[in-house]
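The lines below spell out each chain.
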Amino acid sequence: MNSHSVSPDSIRDAFSKAMSAMYQQEVPQYGTLLQIVCEVNAHYLQQYPDTFTPDNPLAVNRLEVERHGAIRLGSAAELATMRRLFAVMGMYPVSYYDLSAAGVPVHSTAFRAVDEAALLYNPFRVFTSLLRLDLIDDLSLREQASQILAQRDIFSPRTRALIAVAERDGGLTAAQAEEFVSEALKTFKWHSDAQVDLATYEALLNHHRLIADVVSFKGPHINHLTPRTLDIDRVQACMPDYHITPKEVIEGPPRRQVPILLRQTSFKALSETITFTDAAAGKHTARFGEIEQRGLALTPAGRALYDRLLQDDADFSAFPDDIAAIRQQQLGYFRYTLQPGATVPAGATIAQLESLIDTDVVRVTPIIYEDFLPVSAAGIFQSNLGSERGKVSKGNPNKQAFEQALGCAVLDEFTLYQQIEDRSLAALFAAR
Ligand code: OOG
Ligand code: NI
């Protein structure tokens, strides 16, 4: 970063706020959803005033800003440039998600902030999917789709120029950052004019609704944004009172004492009027609103248990539901900090951790899950796209091809959580 650069975190923060304002204008129901979430959260915090501890005020701040969005890209080149665009905002690809297992012809990653300070500043992330034309068995349709995609440029020339400036100078000045936010936002904007004629749209749609959504438009419109709620069951129950139709079930684990991973639900996608290149008018459904409730990040062992229980009729009674048991069985990641006013006795080492916890010197708090769940993501896709499945080759992960398109390897989520836990322990025993 040169001395005039603004921090990538502040660019991400400005971008997520600009995106939210744009989406509220484009999809008024999303504004209503934000209002419901805000009321439910306020009510919850009244009932449970200890939810956020006073010595961590940023945790409360996160509640208001926390959102994720999702886009679907059409080509390797688009994904590679998108990686560079997100890097300007301090967002890096974490995890590989194979959605083909659920009959959705995409594979995905999440661009997000990775270190703790950046996550606290603004945790905005974008679930980014790449269409897999290799899973479409109709060869002529595959060819037609890739030809249409090859003709579009989803980034404005100015966006491309500013990405190059950020890479060259190691950052952007305040004025460049402001321009970057408004230019980059154009890529995510909705276009009601399609770039194909009606017949082409219908051919794509007949194969898979998702293919029509990616190929028919000028750009990868943001297809939903997601505020964070503290009580997802209540928001789900409230939606019909506000004339919003929720999807039938909440994805992810059930309601628990110790929330784990991620629970999500959405409202059904809008049916929107679009015009085709031959002037015909039609309807397209793609854009919706979603809410999420996040809980404890699980270790590989915890995640394996979750995945097994999800398969076994989603009966989660075998997953321990108190922090002590989850820690003992090493199923989750935790942050270890000093209790207010306490000090670690001189000479204490990590070997005394358990007794320091028992004697209220060290406090244990769950590290929040920042990523996504492929089975839940597939459920969200399907509730908004319909669940046509027959024509897509299933269960065909190809992480290598994804990373090649991306231009780098995706980061491993477990390593990132382990680092946060390890650093909290190191700080505790170094602070004496
Ligand atoms: C992405 C769906 C996945 C989530 O929250 O799991 C997702 C999409 O519909 O493009 O956003
Ligand atoms: Ni989502």
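Computed from a predicted model, the values in this text were never measured in an experiment.

Rules of the game
Residues numbered from 1 in each chain as written. Chains lettered and ligands numbered in written order. Predicted model: local features only at pLDDT ≥ 70, side-chain atom pairs only at ≥ 80, totals over all residues. Helix = DSSP H or I, 4+ residues; strand = E, 2+ residues; numbered from the N terminus. Rg over C-alpha atoms; globule rule 2.2 N^0.38 Å. Buried ≥ 20, exposed ≤ 12 C-beta atoms within 10 Å, placed from the backbone. Contact = placed C-beta atoms within 7 Å. Near = placed C-beta within 6 Å. Nonpolar A, V, L, I, M, F, W, Y, C, P; charged D, E, K, R; others polar. Pairing = 2+ DSSP bridges. Axes fitted to C-alpha atoms, helices over the stretch in contact; angles between N-to-C directions. Expected span 1.5 Å × (residues − 1). Arc of directions from axis to C-beta. Parallel < 35°, antiparallel > 145°, perpendicular 65-115°, else oblique. Left-handed = near helix turned anticlockwise from the far one by under 90°. Core = buried A, V, L, I, M, F, W, Y, C linked by C-beta atoms within 7 Å.

K.L.:
Tell me what's going on with the overall build of the protein chain, and back it up with residues and numbers.
P.N.:
The helix and strand tally for the protein chain stands at 17 helices and 11 strands. In terms of C-alpha radius of gyration, the protein chain reaches 22 Å, essentially the compact-globule figure of 22 Å for 432 residues. Projected onto its principal axes, the C-alpha coordinates of the protein chain cover approximately 75 × 55 × 40 Å. By the burial criterion, 41% of the 432 residues in the protein chain qualify as buried. When contacts within the protein chain are restricted to residue pairs at least 6 apart in sequence, long-range pairs at least 24 apart make up 75% of them.

K.L.:
Outline the site of ligand 1, supporting the account with residue identities and numerical values.
P.N.:
If you check the shell around ligand 1, you find Ala70, Arg72, Phe127, Ser129, Asn223, Gln264, Glu290, Phe372, Ser376, Ala377, Ile380 and Phe381 and nothing else. Within the residue set of the shell around ligand 1, elements represented by two or more residues are strand S1 (67-73), strand S4 (125-131) and helix H15 (374-385). Classifying every residue of the shell around ligand 1 gives six nonpolar, four polar and two charged.

K.L.:
For the sheet that holds strand S2 (residues 92-98), give the residues involved together with the corresponding values.
P.N.:
The pairing of strands in a sheet happens through backbone hydrogen bonds and is either parallel or antiparallel. Taken together, the five strands give an open sheet; going across it, the order is S2-S3-S4-S1-S5, and neighbouring strands pair in mixed fashion. Both edges of this open sheet fall to S2 and strand S5 (224-227), since each of them pairs with a single strand only. The mean inter-strand angle of the sheet, taken between neighbouring strand axes irrespective of direction, is 20°. As paired strands, S1 and S5 are joined by four bridges and run antiparallel to one another. For Arg67, the partnering residue across the bridge sits in S5 and is Pro227.

K.L.:
An account of the environment of Glu178 is needed here, citing residue identities and associated values.
P.N.:
By secondary structure assignment, the location of Glu178 is in helix H8 (residues 174-187). C-alpha of Glu178 to C-alpha of Ala14: the two residues are 164 residues apart in sequence and 8.2 Å apart in space.

K.L.:
Could you give an account of the pairing of strand S3 (residues 106-112), naming the residues involved and the relevant values?
P.N.:
The element S3 is extensively covered by neighbouring structure, given that seven of its seven residues are classed as buried. Here S3 shows a buried face lined by Val106, Ser108, Ala110 and Arg112 and a second buried face lined by His107, Thr109 and Phe111. Examined bridge by bridge, S2 and S3 share five bridges and lie antiparallel to one another. Across the sheet, Asp98 pairs through a bridge with His107, a residue of S3.

K.L.:
Explain H8 to me, using residue names and the numbers behind them.
P.N.:
Its 14 residues place the ends of H8 21 Å apart at the C-alpha level, agreeing with the 20 Å of an ideal helix rising 1.5 Å per residue. What H8 keeps buried is the set Gln176, Ala177, Phe180, Val181, Ala184 and Thr187. Each buried residue of H8 lies within a common arc of 140° when the element is viewed along its axis, so the set occupies one face. Looking at the packing, one finds that the buried side of H8 touches helix H1 (8-26), helix H4 (76-88) and helix H7 (157-169).

K.L.:
Talk me through the environment of Gly302; I want residue IDs and the actual numbers.
P.N.:
Locating Gly302 in the fold gives a position in helix H12 (residues 300-311). If near-sequence neighbours (up to four positions away) are discounted, Gly302 is found in contact with Leu331 and Gly332.

K.L.:
Explain the packing of H4 against H7 to me, using residue names and the numbers behind them.
P.N.:
Relative placement of two packed helices is described by the angle separating their axes and the distance separating the axes. Contact pair H4 / H7: the axes reach a minimum separation of 10 Å and the direction vectors enclose 60°. Our classification of the angle between H4 and H7 gives oblique. The way H4 lies across H7 gives a crossing that is left-handed. For the pair formed by H4 and H7, the contact residues are Arg84, Leu85 and Val88 on the first element and Thr159, Ile163, Ala166 and Glu167 on the second.

K.L.:
Can you tell me about the pairing of strand S6 (residues 262-267), naming the residues and giving the values?
P.N.:
Counting buried positions along S6 yields six of six residues, so the element is predominantly enclosed. With six bridges connecting them, S6 and strand S9 (residues 289-294) associate as antiparallel partners. Bridge pairing links Thr265 to Ile291 in S9.

K.L.:
Give me the lowdown on the nonpolar core, citing residues and values where you can.
P.N.:
Of all hydrophobic cores here, the largest spans 96 residues; its most connected members are Ile11, Val88, Phe180, Ile211 and Ala377. Leaving out residues up to four positions away in the same chain, Val88 has contacts with Pro8, Ile11, Ile163, Ala166, Leu172 and Phe180.

K.L.:
Give me the lowdown on unusual backbone geometry, citing residues and values where you can.
P.N.:
Positive phi values are uncommon outside glycine, yet His243 reaches one of about 60°. Mapping His243 onto the fold places it in the loop between helix H11 (232-238) and S6. Of the residues examined, His243 has 8 C-beta atoms within 10 Å and is grouped as exposed. Backbone geometry places Gln330, a non-glycine residue, at a positive phi of 50°. With respect to the element layout, Gln330 can be found in the loop between helix H13 (323-328) and strand S10 (334-338). The exposure class of Gln330 is exposed, given the 12 C-beta atoms found within 10 Å.

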